[in-house]
Amino acid sequence: MLSRAVAVINGKGGVGKTSLTANLSGLIAAAGYRVLAIDLDPQGNLARDLGYKNTPENDDGLALFSAVTTGQQLRPVTGVRDGLDVVCGGGRIAEMVGALHSRTARGVATATAVRDAVAPIAENYDLLLIDCPPGEQQLQQMALTAAEFALIPTKSDSASLDGLVKVAELFGAVRATTNPDLQLLGVVLFGIGASAKRIAQDARAAVARDLGTADLVFDARIRHVEGAAVNTRDLGRLVHEIEAELPQAQKTRLAALRSRRAGGKHRADDDGGAPRLAASASGLAEDYAALAQEVTTRIAAMSGVTA
Ligand SMILES: Nc1ncnc2c1ncn2[C@@H]1O[C@H](COP(=O)(O)OP(=O)(O)OP(=O)(O)O)[C@@H](O)[C@H]1O
Ligand SMILES: [Mg+2]
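These numbers come from a predicted model, not from an experiment.

Criteria and thresholds
Residues numbered from 1 in each chain as written. Chains lettered and ligands numbered in written order. Predicted model: local features only at pLDDT ≥ 70, side-chain atom pairs only at ≥ 80, totals over all residues. Pairing = 2+ DSSP bridges. Helix = DSSP H or I, 4+ residues; strand = E, 2+ residues; numbered from the N terminus. Contact = placed C-beta atoms within 7 Å. Axes fitted to C-alpha atoms, helices over the stretch in contact; angles between N-to-C directions. Parallel < 35°, antiparallel > 145°, perpendicular 65-115°, else oblique. Nonpolar A, V, L, I, M, F, W, Y, C, P; charged D, E, K, R; others polar. Core = buried A, V, L, I, M, F, W, Y, C linked by C-beta atoms within 7 Å. Buried ≥ 20, exposed ≤ 12 C-beta atoms within 10 Å, placed from the backbone. pLDDT = per-residue confidence, 0-100.

Asker: I would appreciate a short explanation of the sheet that holds strand β1 (residues 5-8) in the present structure.
Answerer: A sheet is described by the order of its strands in space; here eight strands give the open sequence β3-β4-β2-β5-β1-β6-β7-β8, paired in mixed fashion. Sheet topology places β3 (77-81) and β8 (222-223) at the edges, where each strand pairs with a single neighbour. One ladder, built from four bridges, connects β1 with strand β5 (residues 127-131); its direction is parallel. Bridge pairing links Val 8 to Asp 131 in β5. In the packing of helix α6 (residues 137-146) onto the sheet, contacts are made with β1, β5 and β6 (149-154), and the angle to β1 comes to roughly 155 degrees. On the sheet, helix α7 (residues 158-176) packs against β6 and β7 (183-192) and is oriented at approximately 165 degrees with respect to β6.

Asker: Please clarify how the packing of helix α3 (residues 62-70) against helix α5 (residues 113-122) should be interpreted in this entry.
Answerer: Describing two packed helices takes the angle between their axes plus the distance from one axis to the other. Packing of α3 against α5 brings their axes to within 9 Å, and their N-to-C directions diverge by 105 degrees. The orientation of α3 with respect to α5, classified from their angle, is roughly perpendicular. Between α3, through Leu 64, Ala 67 and Val 68, and α5, the contact on the second element is made entirely by Ala 113, Val 114 and Ala 117. Looking at the contact of α3 with α5, its residues break down into six nonpolar, no polar and no charged.

Asker: What should I look at first to understand the nonpolar core in this one?
Answerer: The tendency in soluble globular proteins is for nonpolar side chains to be buried side by side. Ranked by size, the top nonpolar core spans 87 residues in total, and within it Val 6, Ile 130, Ala 143, Ala 147 and Ala 150 carry the most contacts. The greatest single-element share of this core, amounting to eight residues, is contributed by helix α11 (residues 278-302). The contacts of Ala 143, once residues within four sequence positions are left out, are Ala 7, Ile 9, Leu 40, Val 114, Ile 130 and Cys 132.

Asker: Can you walk me through the confidence of the model for the chain in this structure?
Answerer: Note that predicted coordinates carrying low pLDDT should not be read in detail. The pLDDT averaged across the chain works out to 88; a share of 89% of its residues lies at or above 70. With pLDDT under 50 throughout, residues 268-275 is counted as low confidence; its partners more than four residues away or in other chains account for 13 contacts.

Asker: Teacher, can you tell me more about the pairing of strand β2 (residues 35-39) here?
Answerer: Consecutive side chains of a regular strand alternate in pointing toward one face of the sheet and then the other. Counting buried positions along β2 yields five of five residues, so the element is predominantly enclosed. Judged by which residues are buried, β2 turns out to be covered on both faces: Val 35, Ala 37 and Asp 39 on one side and Leu 36 and Ile 38 on the other are all buried. Two strands pair when backbone bridges link them, and β2 and strand β4 (residues 84-87) are joined in this way by four bridges, in the parallel orientation. Bridge pairing links Leu 36 to Asp 85 in β4.

Okay, here's the thing in structure tokens:
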């Protein structure tokens with residue numbers, strides 16, 4: 001187990017795993033922690049949220065593939081933000097699973113592969129966040145075997161809440177076999193709409209039923225904001241970064257208006273898209289900041305405490 005490593009996990013797709021990994025990593029790094037984000041998903045979506053998708057640094061998962069299959073030293077991409085390094089995901093992660101399958105056939109244990117690849121550099125970081133893929137059980141098992149904590153995002157619809165039982169099963173199976181020190185950090189309600197109160201109550205009941213206690217549900221929830229979410233991913237910038245740009249965006253809009261009045265050609269939407277987010281980014285940024293606070297507090301209280 002790697003101390004202070006958090007697997008952001010839910011076998012269900014589209015419940016906010018990548019958005020949480022990206023925004024928590026960026027925010028916590030901005031607060032002065034040294035953070036490593038590990039993208040264990042062949043989709044490689046973390047690269048979009050953090051904006052390194054189309055850069056030469058994006059190795060599509062090659063660094064992790066090489067470290068796992070040849071024992072080569074794992075080299076993260078450094079300085080994706082101040083204090084934030086990244087191990088890239090992408091197509092090579094799927095190849096890595098293929099390579100590990102043939103090892104399994106030879107009777108070599110593979111659940112510990114990611115843990116062992118990351119272990120030599122883990123000491124360089126105060127926090128490690130692992131973005132897990134949906135569906136791919138072997139990768140999820142590797143993530144939970146590497147982690148000290150599981151952080152489970154869920155949406156609040158009944159299908160998502162019913163899906164929690166599956167994560168609970170996997171969590172229990174890993175604790176019973178490859179990682180007895182694994183702890184449940186908590187459950188984050190993601191994409192919560194207007195009728196939040198009743199939904200949050202239902203969610204707490206489902207979490208209590210499947211995971212043993214409702215106390216694990218974080219008070220901070222991530223609200224549903226369609227436009228902002230899509231745009232941050234397209235822009236490769238995090239919610240708090242968009243929010244920080246808003247005053248500048250407002251100035252740009254004003255400048256555009258003035259220039260139009262003066263007969264200029266400056267267009268109001270020539271601003272990288274930030275003003276479109278003005279209405280929604282602040283609330284969402286507040287949600288992420290509150291969650292980052294709760295997450296770091298809980299980790300400080302629980303890290304090294306074996307249940
Ligand atoms: N606050 C939000 N409100 C509404 N939609 C959001 C919000 N944040 C992100 N989204 C959108 O929700 C979708 C799923 O988010 P995300 O990719 O983080 O989930 P995921 O669990 O990582 O998905 P996958 O299982 O495919 O890896 C994305 O299209 C994203 O743009
Ligand atoms: Mg994802």
